[in-house]
Amino acid sequence: MSDRVIEFREALREAMSQEMRRDEKVFLLGEEVAQYDGAYKVSRGMLEEFGPRRIIDTPISESGFAGMAIGAAMMGLRPIVEFMSWSFSLVAADPILNNAPKMLYMSGGQFGCPIVFRGNDGAGGQLGSTHSWCVEGMFSNVPGLKMAIPAFPDDAKGLLASAIRDDDPVFFLESERLLAMKGHVPEGDHYVPFGKALVRKPGTDVTIISFGRPVHFCLEAAEELEKEGISCEVIDGRTIRPLDLDTIVASVKKTNSCVVVDQSWSFGSPGSEVAAQVHAACFDDLDNHVMRVHSADVPTPYASNLEQEYLPNARRIAEAVRSALYVA
Amino acid sequence: MSAVTDTARASSGGRRPLADRTSATPDQLGHWLRQMLLIREFEVRTMQAYQDKKIGGFCHIYIGQEAVAVGCTAAVRPEDPIVTAYRDHGHALARGMAPKYCMAEMFGRIGGCAKGKGGSMHMFDKPNNLFGGHGIVGAQTPLGTGLGFATKYIDEVIEGGSNRHVTLCFLGDGALNQGAFYEAMNLAGLFDIPVIFVVENNGYSMGTSIDRGTTMANRIIAKGEGCGIAGHELEGMDVIDVYEGMKAIADGCRAESRPAMVDIRTYRFKGHSMSDPRKYRTREEEEHWETDDPITRLRDAMIEGGMIDEDGFKALNREIKGEVRESIKWAEASPEPDLSELYTDVYVERFGPYLGTSMPQIVTDAEENR
Ligand SMILES: Cc1ncc(C[n+]2csc(CCOP(=O)(O)OP(=O)(O)O)c2C)c(N)n1
Ligand SMILES: [Mg+2]
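Residues numbered from 1 in each chain as written. Chains lettered and ligands numbered in written order. Predicted model: local features only at pLDDT ≥ 70, side-chain atom pairs only at ≥ 80, totals over all residues. Heavy atoms only, no water.

**Let's talk about the overall build of chain B**
Rules: A run of DSSP states H or I qualifies as a helix once it reaches four residues; a run of E qualifies as a strand once it reaches two. Both are numbered from the N-terminal end. Computation of the radius of gyration draws on C-alpha atoms, with the globule rule given as 2.2 Å multiplied by the number of residues to the power 0.38. Type-normalised accessible area, obtained with a 1.4 Å probe on protein chains alone, sets the label of each residue: buried when under 20%, exposed when over 50%, and partly exposed for intermediate values.
Along chain B, the regular secondary structure elements total 15 helices and eight strands. The globule rule puts the C-alpha radius of gyration for 370 residues at 21 Å, and the 21 Å found for chain B is close to it. Its C-alpha atoms give chain B principal-axis dimensions of roughly 65 × 50 × 40 Å. Classification of the 370 residues of chain B by burial places 56% in the buried group.

Below is the structure:
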């Protein structure tokens, strides 16, 4: 493990900068990414190093600049598109869902789309229902795209570097709540492959799987449950598409119990997909059906107490684990 | 210097005597002064409450732009719909929302205008015909066209008369660049919809000065002209100019059932949101605009016109400070929403948590009253 400790946002920046140094085809565009150093300071200093031809401030025109970047990708460039928040990508739904993931297929393999869309995803900052989208719920439904969702700084760098080098469109989901988090991050080239989940905490009684920020809620719940004598194995999925079912299944075959924690809404979600797959692969191994913890099935509320209750928080995770293990 | 030019200011009638500039009565002028002071004080206390972490999320302060919301609102009737973006406290107060409901909303309390569910960016007030507070840049512009469509439909189709309403749809200069705005304008032009797109042109969208974000930055009404919409430019630091200009435009739109676009030059004295160091503009520029304070302008004009004196102004200010203080107390005393509120207002019928049944579980009145 690297000795160096940096912030999540610095890890993201390092991945972009290293790939931009390596390949002139890579460039970054989005609102406030250049002169303002990024609304969340992810791209701080990049304008200085790469200049305005490669670090490009755009107007508030998500549909236009996402589509523009897709056109550029069809020409062989490798754009990184920053959405200040994934919530704002909804006005660009057509280009990002109808163009990018389907271009290769529609053109019979002629035109690929090597592009990364990245930005903040998820609730938790009292931003109200328009600004709190967890787009993994809707967007993971679409074939042709890949989706990465790091929970720790080292993965932020390694997954983003892999995303930029990927020849397919990658939806890269960051969490504003994690940007200041510090962690050990390797200095040089660091690539985390897609489709490889990580056991964040080994355990024996129950498998808890999650993606992105809620991985931290799971670790929090696991710590609490440890005091009650319940040993949790916490798996960080890291990418949603592709989904690393092997790691999950191996764990569930060991623990015989499974809880999925997913910050999107439950209906037709990564959580429901994992549950369906685990039920199919581990039918004879399960002591109980797979339990799921999601955000409440309502638009995200503003009020702090409502929002805390809305989230798949540690308390709700612990309740689901006890229920899965028949602990009253 | 931002692309918001000085030409509008130079053409302002700030120096002419009041009686020549407006037909507004002293009562009206006094009301506008009061409203602007209320918005100013409300926003000062909002910033404090935000710093004290009593308000969360994103919070956008309206200080500097008071003359726009107040002058525009005065130029239409209470039954005319208004819709705006996320910098919406000023519009809510100008429309007549009691400050306590606005404050409680930001405190995330049940007494808020939306029970604490919407927050600073999403102020809704049905009794006062304020149709939001919208957080997504440009989202309110097709809605504005739709509000105008509905008033026209009701007036002409259902009631069989001629159009009697006009809708105010506010947007920032940054929203000019959203595709939705172009579609909203084209529809309004095509269907003769009585909606006024009021661009609160404060020269910046976050850290992007208008000339870095849009074409024709010095003549943005050209964008409306492309959709057959008449454009107007107004100076936004003087409530009388705003009112007089908007009154004529609104009366015209109402009578002819046509849309309009208005470029109102203004300035936000504070940062974009509560976390903005404002490195993209100079202190000189800020000071230049701050000396053009809309409240000072009206106060001075009224003093000159003998409608108020220094003491009267001080008394008014004191009264408003008290009113805002009361609103904070009231907001603090208002309880947090009960956790059951998480599941109300999702559908018209009341449902409980999603349990995987074909219909969400209905919360019975008995349960609710527990
Ligand atoms: C679709 C969308 N993209 C980005 C944002 C983030 N954002 C919020 S306000 C803002 C700037 C808007 O500026 P302007 O329209 O001029 O209004 P002002 O803040 O000056 O009142 C941006 C980029 C958003 N809310 N919605
Ligand atoms: Mg602006």
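**Looking at the overall build of chain A**
This is how it is decided: Only the protein chains shown count as cover for residues, and all accessible areas are computed by the Shrake-Rupley method using a 1.4 Å probe.
For chain A, the helix and strand inventory stands at 12 helices and 14 strands. The C-alpha atoms of chain A give 20 Å as radius of gyration, which agrees with the globular expectation for 328 residues (20 Å, within 12%). For chain A, the proportion of its 328 residues judged to be buried stands at 63%. In the structure as shown, chain A presents an accessible area of about 12300 Å², 52% of it carried by carbon and sulfur atoms.

**Thoughts on the coordination of the magnesium ion (ligand 2)**
Each pair of donors in an ideal octahedron of six around a metal sits at 90 or 180 degrees, and each pair in an ideal tetrahedron of four sits at 109.5 degrees. Residue and element names in this part refer to chain B. Going by this rule: Water is not part of the atom set, so a site may look incomplete; the donors themselves are N, O and S atoms within 2.8 Å of the metal, or 3.2 Å for Na, K and Ca.
Each protein donor to the magnesium ion (ligand 2) is listed here as Asp173 (OD), Asn202 (OD1) and Tyr204 (O); together their distances run 2.1 Å. All donors of the magnesium ion (ligand 2) come from a single chain, and their spacing in sequence reads D-x28-N-x1-Y. One end of the pair, Asp173, is in the loop between strand E3 (167-172) and helix H8 (179-190); the other, Asn202, is in the loop between strand E4 (195-201) and strand E5 (204-205), with 29 residues separating them in the sequence. Exposure remark for Asn202: the relative accessible area of 5% places this residue in the buried category.

**Some details on the interface of chain B and chain A**
Just so we agree on the cut-off: Here, residues are in contact when the closest pair of their heavy atoms is within 4.5 Å. Using a 1.4 Å probe, buried area is obtained as the accessible area two parts lose upon being combined, added over both of them. A pair is scored as a salt bridge if a Lys or Arg side-chain nitrogen falls within 4 Å of a carboxyl oxygen belonging to Asp or Glu. In protein, a polar contact requires one atom able to donate a hydrogen and another able to accept it; more generally it is a pair of N or O atoms within 3.5 Å, and residues adjacent in sequence count only if both atoms are side-chain atoms. For this scheme, ten residues count as nonpolar: Ala, Val, Leu, Ile, Met, Phe, Trp, Tyr, Cys and Pro. Four count as charged, namely Asp, Glu, Lys and Arg, and the remainder, Gly too, count as polar.
In this complex, chain B contributes 38 residues to the contact, which on the side of chain A involves 35 residues. Summing both sides of the interface, chain B and chain A together bury roughly 2900 Å²; the carbon and sulfur share of this comes to 63%. In terms of surface lost to chain A, no three residues of chain B exceed Ile136(B), Leu342(B) and Tyr354(B), which account for 21% of the buried area on that side. Joining chain B to chain A, the criterion identifies one salt bridge. Counting the contacts that link chain B with chain A gives 13 residue pairs in polar contact (both at pLDDT 80 or more). Among the elements of the structure, helix H6 (99-106) and helix H9 (210-213) of chain B are those that each provide at least two residues to the side of chain B that touches chain A. Classifying every residue of the side of chain B that touches chain A gives 15 nonpolar, 16 polar and seven charged.

**Examining the site of ligand 1**
What counts here: Nearness of a residue to a molecule or strand requires only that one of the residue's heavy atoms be within 4 Å of it.
Close to ligand 1 lie 21 residues, the nearest being Glu62(A), Tyr86(B), Arg87(B), Gly174(B) and Asn202(B). The residues that come close to ligand 1 belong to more than one chain, namely chains A and B. Residue Asp173(B) places a side-chain N or O atom 3.0 Å away from an oxygen atom belonging to ligand 1. Within the backbone of Tyr204(B), an N or O atom sits 3.0 Å from an oxygen atom of ligand 1. Calculation on ligand 1 without its partners gives an accessible area of 590 Å², and the protein chains cover 95% of this total. The class makeup of the residues in the shell around ligand 1 is nine nonpolar, eight polar and four charged.

**Re a nonpolar patch on the surface**
Residue and element names in this part refer to chain B. The condition that has to hold: Patch membership requires more than 30% relative accessible area and the absence of a salt bridge. Residues of like charge join within 9 Å; the nonpolar side chains Val, Leu, Ile, Met, Phe, Trp and Tyr join within 5 Å.
A cluster of nonpolar residues, Phe149, Tyr153, Ile154, Val157, Ile158, Leu187, Leu190 and Phe191, forms a patch on the protein surface that exposes about 780 Å² of accessible area. Mapped onto the nonpolar patch, the elements with two or more residues apiece are helix H7 (140-158) and H8. The greatest single-element share of the nonpolar patch, amounting to five residues, is contributed by H7. Turning to its location among the elements, Phe149 is positioned in helix H7. Relative accessible area serves as the criterion here: at 42%, Phe149 is assigned to the partly exposed category.

**Some words on the pattern of salt bridges**
Residues and elements named next belong to chain B. Taken as a whole and judged by the stated rule, the model has 51 salt bridges over all chains. Close ionic contact of Arg265 with Glu233 constitutes a salt bridge, the shortest N to O distance being 3.7 Å. In this pair, Arg265 is assigned in strand E8 (residues 260-265) and Glu233 in strand E7 (residues 230-235), connecting sequence segments 32 residues apart. Arg265 gets classed as buried once you look at its relative accessible area, which sits at 7%.

**Describing the domain arrangement of chain A**
Residues and elements named next belong to chain A. Basically, it comes down to this: Note that the domain bounds were set by an automatic or database domain assignment.
The domains assigned to chain A are domain 1 (5-184) and domain 2 (198-322). The interface is formed by 32 residues belonging to domain 1 together with 27 residues belonging to domain 2. Taken together, the two surfaces of domain 1 and domain 2 that pack against each other cover about 2300 Å², and 58% of this comes from carbon and sulfur. Contact with domain 2 buries area across many residues of domain 1, yet Gln126, Ile149 and Phe152 alone supply 25% of it, more than any other trio. Where domain 1 touches domain 2, the interface holds two salt bridges. With a closest N to O distance of 2.8 Å, Asp155 and Arg200 form a salt bridge. Joining domain 1 to domain 2, the criterion identifies 15 residue pairs in polar contact (both at pLDDT 80 or more). Contributing elements (two or more residues each) for the side of domain 1 that touches domain 2: helix H6 (136-139), strand E6 (146-148) and helix H7 (153-165).

**Let's talk about the sheet that holds strand E1 (residues 82-84) of chain B**
Paired through backbone hydrogen bonds, the strands of a sheet run either parallel or antiparallel to each other. Residues and elements named next belong to chain B. For the record, the criterion: Strand pairing is assigned whenever DSSP detects at least two bridges linking the two strands. Note on method: axes are straight lines fitted to C-alpha atoms, helices fitted across the in-contact stretch only, with angles between N-to-C directions ranging 0 to 180 degrees.
Spatially, the six strands line up as an open sheet ordered E2-E1-E3-E4-E8-E7, and their pairing is parallel. Both outer strands of the open sheet, strand E2 (130-133) and E7, are each paired with one neighbouring strand and no more. Strand after strand, the sheet turns through a mean of 15 degrees between neighbouring axes, direction not considered. As paired strands, E1 and E3 are joined by two bridges and run parallel to one another. Across the sheet, Ile82 pairs through a bridge with Leu168, a residue of E3.

**Re the sheet that holds strand E14 (residues 291-294) of chain A**
Residues and elements named next belong to chain A. A sheet is described by the order of its strands in space; here five strands give the open sequence E9-E11-E10-E13-E14, paired in mixed fashion. Two strands bound the open sheet, and with one partner strand each, they are strand E9 (198-201) and E14. Pairs of neighbouring strands in the sheet enclose a mean axial angle of 25 degrees, with direction left out of account. The pairing of strand E10 (residues 206-210) with strand E11 (residues 232-236) spans five bridges and is parallel. Paired with Thr207 across the bridge in E11 is Glu233. Against the sheet, helix H10 (residues 270-281) touches E10, strand E13 (258-262) and E14, its axis set at about 160 degrees to E13. Most of the contacts of helix H12 (residues 314-324) go to E14, to which it runs at about 170 degrees, and overall it touches E10, E13 and E14.

**Digging into the environment of Glu200(B)**
All names here are of chain B. Mapped onto the elements of the fold, Glu200 is located in strand E4. By relative accessible area, which is 6% here, Glu200 ends up buried. Taking the C-alpha atoms as reference points, Glu200 and Tyr267, separated by 67 residues in sequence, lie 8.5 Å from one another. The residues touching Glu200, leaving out its near neighbours within four places in the chain, are Tyr62, Gln65, Val68, His91, Phe170, Leu171, Gly172, Asp173, Ile264 and Thr266.

**Some remarks on the nonpolar core**
Basically, it comes down to this: Each nonpolar core is a collection of buried residues, namely Ala, Val, Leu, Ile, Met, Phe, Trp, Tyr and Cys, held together in the definition by side-chain atoms within 4.5 Å.
Ranked by size, the top nonpolar core spans 109 residues in total, and within it Ile196(B) and Met246(B) carry the most contacts. With 10 residues, the top contributor of residues to this core is helix H3 (residues 26-51) of chain B. The next biggest cluster of nonpolar side chains, apart from the first, holds 44 residues, and it includes Ala66(A), Val81(A), Trp86(A) and Phe139(A).

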